[in-house]
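# Remarks on the overall topology
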Amino acid sequence: MARPVRPEAPVPAYDLPALRRRTTAVLAGSQVLGGLGVATGIALASVLAQRISGSESLSGLAQTAAIVGTAVLSVPLAALMGARGRRPGLTLAYLIGAAGAGLVVLAAAAGSFPLLLLGMAAFGASSSANLQARFAAADLAEENQRGRAISSVVWATTIGAVTGPNIAAPAGRSVSSLGIPPEAGPFLWAGAVFLLCALLVTVLLRPDPLLTARALAPPQSEAEARSGRSLRAGLTAVAASPRAKLALLTVSVCHTVMVSVMVMTPVDLGHHGAGIELIGVVISLHIAGMYALAPLMGWLSDRVGRLGGIGLAVALLTCAALLAGTAGADHRQTAAGLFLLGLGWSAGLVSGSALLTDSVPPGARPAAQGLSDLVTNSSAGLGGAIAGVIAAKAGYGALNLSAALLLLPVAALALAARGRGTTQPAAHP
């Protein structure tokens, strides 16, 4: 059992705006670096997996392993954050990600596919840190500004995430003299970046936003506080709220659609003559779509409602699947489809995350947020694994069609929720 945490000192109301700005700035800085590390490595993960395994059908397993790692680690990391605060949880996640990046480099040098998958699973902890940072931004936000608080941290990932795939080639060349395959070079760079992220969060994320939010909230008994941090508490809170269930479905489906299409796009581009540089450009445009317009998605989520943002996500992802799935050798059409794929993911992530935070009691939020990341990354990991098989057996177009069909339940439940008039955030004491 985790040792009791001493509450953060109460923050006067007039200091809260400054504390929110400082917390957001630190989280944004970690996201810039974290996005750089994740995107630099992920850009060529499927290519590295294909090289080591010698099989296109297995190429999607590298991304899948990272997503599974994110899913598996999300629950203990959420439990740690629930018990000790955001700072130790985020720091540990980045340290595990750095260790995973080192294992990937060793796997590439040794030609070991199992070691590659193990390294990618640990590498996924860095994505868990990046995902949890959006919830950390919402800890101190006012209810009617949660969408913008989440999106501001998501947007910060743009700088690093767009840059990452474009430095994959020079990162690969930097290890050529070491006898390491060039596809593994980006992971060496990513490991160093994650270590820097851990240092930044440890030193500057003070006071801890989650512990501070608890100090400002109505007091709970120790038994209530402990029970609210368990995975069962998250399940109970989500099961009790139709809106929370819709939020969980939205984030998990949007992420699964995005991952399933994105993970096989570099391979499909390679089949149509694209080199590493062009693949990097296409993935950069995709990542720009994921993050660059996140503030707009947050504003829309706060102004027109969470359901409006979810509807926009479904529309954008459907269009993305249509464009990418019918592009063939037209690299510009593929790039346009991947950009829309990123936009749809952004709309779904921001609106779904805000809706989830709105819809569960404060004491159960870390547990529900950990559950969300578990379900989201488990489903996306399964999608990534199946994506390679579908693309190899039926083609990239069939993969996009399958991904689009996953959006139908989200659209149906969102329309049903709008019909019931459940568009406003829930008020929790």
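What follows is about the pattern of salt bridges. Per the stated rule, a full pass over the model turns up eight salt bridges. Where Arg-134 meets Asp-373, a salt bridge forms, and the shortest distance between an N and an O atom there is 3.5 Å. Separated by 239 residues along the polypeptide, Arg-134 in helix 5 (residues 113-138) and Asp-373 in helix 17 (residues 365-394) bring together distant segments of the chain. Summarising the burial analysis for this pair, Arg-134 and Asp-373 share the class buried. Put simply, Arg-146, Arg-148, Asp-302, Arg-306 and Asp-358 are held in one network by salt bridges that share partners.

Our focus in this paragraph is the nonpolar core. Among the nonpolar cores identified, the biggest contains 113 residues, and Leu-27, Leu-48, Leu-116, Met-120, Phe-123, Phe-187 and Leu-341 are the most heavily contacted of them. Per element, the largest residue contribution to this core is 16 residues, and it comes from helix 12 (residues 242-271). Residues contacting Leu-48, with those up to four places away along its chain left out, are Val-104, Ala-108, Leu-116, Glu-183, Ala-184 and Phe-187.

Further remarks concern the environment of Ala-368. If you trace the backbone, Ala-368 turns up in helix 17. By relative accessible area, which is 1% here, Ala-368 ends up buried. As for Ala-368 and Arg-51, which are separated by 317 residues in sequence, their C-alpha atoms are 39 Å apart. Those residues within four positions of Ala-368 in sequence are excluded, and the remaining contacts are Gly-234, Val-238, Leu-356 and Val-360.

Here we take up the packing of aromatic side chains. Tallying each qualifying case throughout the model produces four aromatic pairs. Taken together, a centroid distance of 5.2 Å and an interplanar angle of 70 degrees make the contact between Phe-123 and Phe-187 edge-to-face. Separated by 64 residues along the polypeptide, Phe-123 in helix 5 and Phe-187 in helix 8 (residues 185-204) bring together distant segments of the chain. The burial state of Phe-123 is the same as that of Phe-187; both residues are buried. Through a chain of ring-to-ring contacts, three or more aromatic side chains come together here, namely Tyr-94, Phe-123, Phe-187 and Phe-194.

Bringing the confidence of the model for the protein into the picture now. Overall, the predicted model of the protein reaches an average pLDDT of 85, with 92% of residues at or above 70. Mean pLDDT in the protein bottoms out at helix 10 (residues 222-227), which sits at 50, and peaks at helix 15 (residues 306-325), which reaches 96. Note that pLDDT drops below 50 for residues 1-5; the model gives that stretch seven contacts with residues more than four away or on any other chain. Confidence over residues 422-429 falls short of pLDDT 50; this stretch has 22 contacts with residues more than four positions distant or in other chains.

For the rest of this paragraph, the subject is unusual backbone geometry. A cis amide bond links Arg-206 to the next residue, Pro-207, at an omega of -5 degrees. Residue position: Pro-207 is located in the loop between helix 8 and helix 9 (209-216).

Our next topic: the side chain of Ser-359. Secondary-structure assignment places Ser-359 in helix 16 (residues 331-359). A polar contact is formed between the side chain of Ser-359 and the backbone oxygen of Leu-355, at a distance of 2.6 Å.

As a further point, take the packing of helix 5 against helix 6 (residues 146-166). At their nearest, the axes of helix 5 and helix 6 sit 8 Å apart, and the two run at 140 degrees to each other. If you check the angle between helix 5 and helix 6, you find them oblique. At the point where helix 5 passes helix 6, the crossing takes the right-handed sense. Contact with helix 5, carried on its side by Ala-133, Arg-134, Ala-137 and Ala-138, involves Arg-146, Ala-149, Ile-150, Val-153 and Val-154 of helix 6 and no other residues of that element. Residue composition of the contact of helix 5 with helix 6, grouped by class: seven nonpolar, no polar and two charged.

An ideal rise of 1.5 Å per residue puts 44 Å on 30 residues; helix 17 measures up with 41 Å between its terminal C-alpha atoms. Gly-395 sits one or two residues past helix 17 and shows a positive phi near 105 degrees.

This next bit is on a nonpolar patch on the surface. Judged by side-chain polarity, Leu-278, Val-281, Leu-285, Leu-293, Leu-296, Trp-299 and Phe-339 come together as a nonpolar surface patch covering roughly 540 Å² of accessible area. Elements represented by at least two residues in the nonpolar patch include exactly helix 13 (276-291) and helix 14 (294-304). Ranked by residues supplied to the nonpolar patch, first place goes to helix 13 with three residues. Locating Phe-339 in the fold gives a position in helix 16.

Right, let's talk about helix 8 for a bit. Compared with the 28 Å implied by 1.5 Å per residue over 20 residues, the 29 Å span of helix 8 between its first and last C-alpha is a close match. Buried residues of helix 8: Gly-185, Pro-186, Phe-187, Ala-190, Gly-191, Val-193, Phe-194, Cys-197, Ala-198 and Val-201, and no others.

Below, the discussion takes up the environment of Val-175. Among the secondary structure elements, Val-175 is positioned in the loop between helix 7 (168-173) and helix 8. Each C-alpha atom, one on Val-175 and one on Leu-188, is 8.6 Å from the other, the two residues being 13 residues apart in sequence. Non-local contacts of Val-175, meaning those with residues more than four positions away in its chain, are made with Ile-180, Pro-181, Pro-182, Gly-185 and Leu-188.

Conventions and cut-offs
- Residues numbered from 1 in each chain as written.
- Predicted model: local features only at pLDDT ≥ 70, side-chain atom pairs only at ≥ 80, totals over all residues.
- Heavy atoms only, no water.
- Salt bridge = Lys/Arg side-chain N within 4 Å of Asp/Glu carboxyl O.
- Helix = DSSP H or I, 4+ residues; strand = E, 2+ residues; numbered from the N terminus.
- Buried < 20%, exposed > 50% of the residue type's maximum accessible area, 1.4 Å probe, protein only.
- Core = buried A, V, L, I, M, F, W, Y, C linked by side-chain atoms within 4.5 Å.
- Contact = heavy atoms within 4.5 Å.
- Phe/Tyr/Trp six-rings, centres within 6.5 Å; stacked < 30°, edge-to-face > 60°.
- pLDDT = per-residue confidence, 0-100.
- Polar contact = N/O pair within 3.5 Å; in protein donor to acceptor, adjacent residues only side chain to side chain.
- Axes fitted to C-alpha atoms, helices over the stretch in contact; angles between N-to-C directions.
- Parallel < 35°, antiparallel > 145°, perpendicular 65-115°, else oblique.
- Left-handed = near helix turned anticlockwise from the far one by under 90°.
- Nonpolar A, V, L, I, M, F, W, Y, C, P; charged D, E, K, R; others polar.
- Expected span 1.5 Å × (residues − 1).
- Patch = residues over 30% accessible without salt bridge, like charges linked within 9 Å, V, L, I, M, F, W, Y side chains within 5 Å.
- Areas by Shrake-Rupley, 256 points an atom, 1.4 Å probe, with all protein chains shown as cover.

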